[in-house]
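As a plain string of letters, each chain reads:
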Amino acid sequence: MTSHEPQPEEPLAAWHGCMNGEDTPPDDAEPLTTEQRRQLADEQLLHALLRGRYCDTEASAAKLVDRVLHAITPRPARPLWFRLVRATLSSAAAMVLVVILIELSLPRTSSATSDYDRVLSAFMTEGDRTYSLQYAMQSLNGDAETEETPAAPHRPPMRPRGPGRLHGAKLYLRGGNQYVFEIQLPREKTLWIGQDGRNAWAVRPQGAVLFSEERDAFHLPFFEEMTTLPLIDMRDTLHAAKNGYVLDPPKRVTMDDGRGAEYFLARRNQQAARRPQRIEIWADPQSGLLYRVVFSRMHFGQTLCRQLRMEYLNGKPLPENWFTYQAHAPANANVKTVTKQDIRRYHHRRDRMRPHRQPPRQHHRQWEERRTPPPPVPDSPPPGE
Amino acid sequence: MTDNLAQSIFSVLVHENTGMLMTFLRASVRKEALAEDLFQETMIVAWKRFGEFDRTRPFGPWLRGIARNLVLASYRARKRDMLLCSEEVLEHLDRRVEQIARRPGDTWDEKIAALDDCLDALPEDYREPLELHYRDHHNTHTISGLLAMSREAVKKRIQRARSKLADCLKRKNILTDPEPSA
């Protein structure tokens with residue numbers, strides 16, 4: 001091919017990023033030949049087949065069909081008496097709701113705080129603990145979906161979007177300030193993110209180990225949702241539950257496996273706007289050990305709010321160096337130190353590269369209602385890359 | 001025909017054509033939400049015109065005809081949410097989808113089972129970013145972090161993976177060239 005001949009890849013390249021869903025279609029793209037248009041159309045079709053192959057389940061297809069059938073099913077007109085009764089009941093329900101809201105807004109000065117302090121101090125002094133993370137999402141119209149939604153039989157198991165990627169992850173805790181996340185990736189690879197009390201680190205399936213003296217350096221480059229994940233700093237979250245939430249008096253409850261537990265319910269007040277709306281805690285009445293923590297109604301994205309559950313698995317002692325990267329990386333691993341300047345540069349680059357996002361016009365109101373403030377760091381490449 | 005019977009027949013046809021129609025729409029628009037909206041719109045228009053549908057002809061092409069008009073109308077209104085879109089491209093996509101629809105198999109998934117073989121044959125270096133993108137919904141920023149590659153390299157890798165899959169499907173007589181133009 002001589003240099004005068006057109007490069008077939010070039011005019012198409014502008015459209016490829018668009019297919020990845022990140023770039024917008026080029027306004028001033030070079031005109032394409034018929035052959036190029038067909039080639040691109042084939043790629044678009046393949047892209048569509050892949051989306052269907054990986055994203056569609058029987059449940060999602062049924063949802064689409066149900067929407068259609070619901071829309072075309074004629075609804076009989078309700079008789080007058082029905083509408084009158086319904087209007088009366090709605091008014092009554094609204095009044096009850098107002099009473100409940102007033103009740104909830106009254107300040108609580110019970111012994112909840114002192115009981116909660118016991119849980120908090122136990123959390124700071126407890127030894128090694130292992131928790132599993134389970135995730136359930138609930139659409140804003142109340143249709144619950146969980147990770148157990150079966151995929152079509154011949155397909156690989158679905159991995160969910162957003163924070164659901166953390167479903168099945170493990171969280172290891174030591175004391176109040178050391179943690180390790182073990183997150184499973186496709187092809188049985190594992191991502192480790194941790195903090196040994198002073199330094200943060202991340203061991204990726206490929207590439208150098210990332211290490212930083214900045215405590216929260218690696219929360220986000222991997223998963224945007226970790227920005228607002230309350231588990232990242234449980235100590236901070238538990239403190240926040242005491243200060244930024246209204247605590248109900250604790251209750252004695254029996255858990256599914258018959259264990260007795262003390263149950264705390266914390267409801268968010270206005271100062272904690274970016275945190276979960278509710279935090280529920282089940283703790284051992286004597287030791288204060290956390291058995292289960294459930295974070296509800298966290299607004300991660302435009303359409304879904306989700307529930308994240310942290311469930312105690314065991315208290316087996318972990319190796320001494322478990323909370324350092326050396327326990328999870330090969331001995332000869334290359335380690336890249338990430339400095340404050342790297343992080344600043346990375347923020348700057350992120351801001352420049354972030355595409356301008358506009359809410360779809362027809363869903364604008366809903367979008368506004370569900371919108372959360374932008375996370376402090378998006379899921380761009382890790383600093384130092 | 002009573003309304004109930006018509007609705008029952010239509011409901012079966014909707015079930016049978018969901019995979020096919022969503023593939024056609026996803027190939028035409030960027031946003032999944034828009035594809036779903038157009039899916040519903042297409043089906044509702046199809047239901048309203050169901051009386052005009054010639055029962056001796058296949059339902060799929062008729063449905064795609066409605067979808068094509070709606071996609072073109074949508075393209076005029078919101079160009080930024082579309083992929084490459086024109087009468088010619090939609091015509092080409094329509095032919096391709098029809099090619100797949102005529103393959104043996106009772107369901108759309110069975111008709112595109114060859115894609116699974118092609119994915120299995122894809123080298124690991126290409127399959128991994130593809131799965132991270134399509135299955136795990138990671139964007140190229142995140143994948144570049146996970147695979148320790150530049151974002152441009154990730155984009156290129158995904159693009160090449162798609163090309164390799166397209167070649168593989170062509171070898172299996174899917175995405176084969178249409179009849180030569182006159």
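Please read all numbers here as calculations on a predicted model, not as lab measurements.

Peer 1: Residues and numbers for the overall build of chain A, please.
Peer 2: A count of helical and extended segments in chain A gives 8 helices and 14 strands. In chain A, 60% of the contacts between residues at least 6 apart in sequence involve partners at least 24 apart. For chain A, the accessible surface area stands at approximately 20,400 Å², while carbon and sulfur atoms represent 53% of it.

Peer 1: An account of the pairing of strand β6 (residues 200-203) of chain A is requested, with residue identities and associated values reported.
Peer 2: Working note: regular strand, side chains alternate between the two faces of the sheet. Residues and elements named next belong to chain A. Here β6 shows no split at all, with Ala-200 and Ala-202 on one side and Trp-201 and Val-203 on the other all buried. Looking at chain direction, strand β5 (residues 189-195) and β6 are connected through 4 bridges and run antiparallel. Bridging across to β6, Ile-193 finds its partner in Ala-202. A loop of 4 residues connects β5 with β6, the two strands running antiparallel in sequence, and Gly-197 in this loop sits at a positive phi of about 105°. Judged from the 3 bridges that link them, β6 and strand β7 (residues 209-212) form a sheet pairing that is antiparallel. Residue Ala-200 lies in a different strand from β7, and its bridge partner there is Ser-212. Hairpin geometry of β6 and β7 is characterised by an intervening segment of 5 residues between the two adjacent antiparallel strands and by a positive phi of about 90° at Gly-207.

Peer 1: Can you explain the packing of aromatic side chains? Please cite residues and give values.
Peer 2: Inspection of the entire model under this criterion finds 16 aromatic pairs over all chains. Here the aromatic rings of B:Phe59 and B:Trp62 are separated by 5.6 Å at their centres, their planes lie at 45°, and the arrangement is tilted. Residue B:Phe59 and its partner B:Trp62 are located together in helix α3 (residues 59-77), separated by 3 residues, close to a single helical turn. According to the relative accessible area criterion, B:Phe59 is buried, its value standing at 5%. Connected via pairs of aromatic rings, a cluster forms that spans B:Phe10, B:Trp47, B:Phe50, B:Phe53, B:Phe59 and B:Trp62. Sitting over the ring of A:Tyr54, A:Arg53 keeps its end group 5.2 Å from the ring centre. The ring of B:Tyr126 carries the charged tip of B:Lys164 above its face, separated from the ring centre by 5.1 Å.

Conventions we followed
- All residue numbers here refer to positions counted from 1 along the written sequence of the relevant chain.
- Chains carry letters and ligands carry numbers; both start at the beginning, A for chains and 1 for ligands, and go up in the order they are written.
- Totals for whole chains, interfaces and linings use every residue, but because this is a predicted model, local features are given only for residues with pLDDT of at least 70 and side-chain atom pairs only at 80 or more, for both listing and counting.
- Note that water and hydrogens are dropped before the side-chain values are worked out from all heavy atoms of the structure.
- Strands here mean DSSP runs of E at least two residues long; helices mean DSSP runs of H or I at least four residues long; both are numbered from the N terminus.
- Throughout, a contact is declared for two residues whenever any of their heavy atoms are within 4.5 Å.
- Values of accessible area rely on a 1.4 Å probe in the Shrake-Rupley scheme; residue burial ignores everything except the protein chains shown.
- Only protein chains enter the accessibility calculation, which uses a 1.4 Å probe. A residue is then buried if its area is under 20% of the maximum for its type, exposed if over 50%, and partly exposed in between.
- Only strands that DSSP links by at least two bridges are regarded as paired with each other.
- Each Phe, Tyr or Trp ring (for Trp, its six-membered ring) is paired with any other whose centre lies within 6.5 Å, and the angle between the two planes then decides the class: stacked below 30 degrees, edge-to-face above 60, tilted in between.
- To sit over a ring, a charge needs its Lys NZ or Arg CZ within 6 Å of the ring centre and within 35 degrees of the ring normal.

Purely geometric numbers; function is a separate question.
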